[in-house]
Amino acid sequence: LAKTTQPISMDSYEGQEVNITCSHNNIATNDYITWYQQFPSQGPRFIIQGYKTKVKNEVASLFIPADRKSSTLSLPRVSLSDTAVYYCLVGSMDSSYKLIFGSGTRLLVRP
Amino acid sequence: DVKVTQSSRYLVKRTGEKVFLECVQDMDHENMFWYRQDPGLGLRLIYFSYDVKMKEKGDIPEGYSVSREKKERFSLILESASTNQTSMYLCASSKPGLAGGGETQYFGPGTRLLVL
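Now for a description of the structure that goes with this document. From a predicted model like this one, the values you see are computed outputs, not experimental measurements.

## Here's the deal with the packing of aromatic side chains
Applying the stated criterion across every chain, the model contains 12 aromatic pairs over all chains. Grouped by ring-pair contacts, the aromatic residues Tyr36, Phe46, Tyr87, Tyr97 and Phe101 of chain A together with Phe33, Tyr35, Phe48, Tyr50 and Phe107 of chain B constitute a single cluster. Taking NZ or CZ as reference, Arg68 of chain A lies 4.0 Å from the ring centre of Tyr51 of chain A, over its face.

Written out as structure tokens, the structure is:
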């Protein structure tokens, strides 16, 4: 399964757009990409999921280029409450337990 | 609202003790997972279960076993706890993905285990 790499930390300010990129060079044809958000003392929470191109929901967008070797989570106009750790996950559609999480990106949003 | 609960938020155990971590989900999900989470390493899969009494090893199963006697309940067992098993343990559940689609996992709040 694809190894995933993401930045350890990022800083931003309230109201800015934040883009977090995850690299997964060896992603397979039947792999999909999911992003999770985790606050201290809580389990991760689903944000968005995609396979290719662009996906958007009420909280985020996910951009996946044609070669699918990376994906970018975009958070529009962040607020202080978006301070959290963000994980990308590459999972296989062939098997529920063939998956790998990135090591997480700690986002700090400043006033 | 979907819910995954874990039996304890914090546990302190001694080396050599047998430790049980319990997880219950109320979403009728077929899949259940146990992960451990360590700083800088993200989440690593210990065991996975896709049905009652069915299990698959994840990436780091050594020193752990699991039990799934009922669909809603998935237990992680540390047969003889060691200090290197001090960690945050997270349980999750999901429905198998539809053809051509991925899965969404729902996580419990985690159990922080300290082995002395």
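## So, the interface of chain B and chain A
In this complex, chain B contributes 25 residues to the contact, which on the side of chain A involves 19 residues. Counting each side, the surface lost to burial between chain B and chain A is near 1700 Å², with a carbon and sulfur contribution of 56%. Among the residues chain B hides against chain A, the three largest losses belong to Leu43, Glu103 and Phe107 of chain B. Together they make up 26% of the total. In this structure, the connection of chain B to chain A is made through zero salt bridges. Taken together, the elements giving at least two residues each to the side of chain B that touches chain A come down to strand S4 (31-38), strand S5 (42-51) and strand S6 (54-57) of chain B. Of the residues belonging to the side of chain B that touches chain A, the class tally is 10 nonpolar, 10 polar and five charged.

## Focus: the sheet that holds strand S7 (residues 64-70) of chain B
Residue and element names in this part refer to chain B. With antiparallel pairing, four strands are arranged side by side in an open sheet as S1-S3-S8-S7. Whereas interior strands pair on both sides, the edge strands pair on one side only; in this sheet they are strand S1 (4-6) and S7. Between one strand axis and the next, the sheet turns by 20° as a mean value, whatever way the strands run. Examined bridge by bridge, S7 and strand S8 (residues 73-78) share five bridges and lie antiparallel to one another. Each bridged residue has a counterpart across the sheet, and for Ser65 the counterpart in S8 is Ile77.

## Focus on the layout of surface pockets
Approximately 680 Å³ is the volume found for the largest pocket. Forming the walls of the largest pocket are 27 residues, and the residues nearest its centre are Gln38, Val85, Tyr87 and Arg106 of chain A together with Gln37 of chain B. Going through the elements one at a time, strand S8 (84-92) and strand S10 (105-110) of chain A together with S4, strand S9 (87-94) and strand S11 (111-115) of chain B are the ones with two or more residues in the lining of the largest pocket. Tallied by class, the residues present in the lining of the largest pocket amount to 12 nonpolar, 11 polar and four charged.

## A few points about the pairing of S8 of chain A
Residues and elements named next belong to chain A. With nine of nine residues buried, S8 lies mostly within the body of the structure. Residues Ala84, Tyr86, Cys88, Val90 and Ser92 point to one face of S8 and Val85, Tyr87, Leu89 and Gly91 to the other, with burial holding for every one of them. Two strands pair when backbone bridges link them, and strand S3 (residues 31-38) and S8 are joined in this way by eight bridges, in the antiparallel orientation. Pairing of Tyr36 across the sheet is with Tyr87, part of S8.

## Quick word on the pattern of salt bridges
Residue and element names in this part refer to chain B. Counted according to the given criterion, the structure contains nine salt bridges over all chains. A salt bridge links Glu79 to Lys18, with the nearest nitrogen and oxygen atoms 3.6 Å apart. With Glu79 in the loop between S8 and S9 and Lys18 in the loop between strand S2 (10-13) and strand S3 (19-25), the pair connects residues that are 61 residues apart, well separated along the chain. A residue is classified by how much of its surface remains accessible, and Lys18, at 45% relative accessible area, is partly exposed. Note that Lys71 and Asp28 form a salt bridge whose closest N and O atoms lie 3.0 Å from each other. Pair noted here: Lys71 is in the loop between S7 and S8 and Asp28 is in the loop between S3 and S4, with a separation of 43 residues, a long-range link. Ionic contacts of the salt-bridge type, sharing partners, join the residues Asp28, Glu30, Lys71 and Lys95 into one network.

The rules behind the values
- Per-chain numbering applies: the sequence of each chain, read as written, is numbered from 1 onward.
- Starting at A for chains and at 1 for ligands, labels are handed out in the order in which the entities are written.
- Totals for whole chains, interfaces and linings use every residue, but because this is a predicted model, local features are given only for residues with pLDDT of at least 70 and side-chain atom pairs only at 80 or more, for both listing and counting.
- Neither water nor hydrogens contribute to the side-chain values; these are computed over all heavy atoms in the structure.
- Pairing of aromatic side chains here covers Phe, Tyr and the six-membered ring of Trp, requires ring centres within 6.5 Å, and sorts the geometry by plane angle: under 30 degrees stacked, over 60 edge-to-face, intermediate tilted.
- Counting as a charge over the ring demands two things of the Lys NZ or Arg CZ atom: a distance within 6 Å of the ring centre and an angle within 35 degrees of the ring normal.
- By definition, residues are in contact when any of their heavy atoms lie within 4.5 Å.
- In short, buried area is how much 1.4 Å probe accessible area vanishes from two parts on joining, totalled over both.
- Here a salt bridge means any side-chain nitrogen of Lys or Arg lying within 4 Å of a carboxyl oxygen belonging to Asp or Glu.
- Under the scheme used here, helices are H or I runs from DSSP no shorter than 4 residues and strands are E runs no shorter than 2 residues, and both carry numbers assigned from the N terminus.
- Three residue categories are used. Nonpolar comprises Ala, Val, Leu, Ile, Met, Phe, Trp, Tyr, Cys and Pro, charged comprises Asp, Glu, Lys and Arg, and polar comprises the others, including Gly.
- Here a strand pair is declared whenever DSSP counts at least two bridges between the two strands.
- Between the N-to-C directions of two axes lies an angle of 0 to 180 degrees, each axis being a line fitted to C-alpha atoms and, for a helix, fitted only over the stretch in contact.
- Method remark: on a 1 Å grid restricted to protein atoms, a set of points is classed as a cavity if a 1.4 Å probe fits but cannot get out and as a pocket if it is open with protein on both sides within 12 Å along at least five of seven lines; lining residues have an atom within 4 Å of a point.
- Grid points are joined across faces, edges and corners, and a volume is the space filled by probe spheres set on the points.
- Categorising residues by exposure relies on relative accessible area from a 1.4 Å probe, with only protein chains included: less than 20% of the type maximum marks a residue as buried, more than 50% marks it as exposed, and the intermediate range marks it as partly exposed.

These figures capture arrangement, not role.
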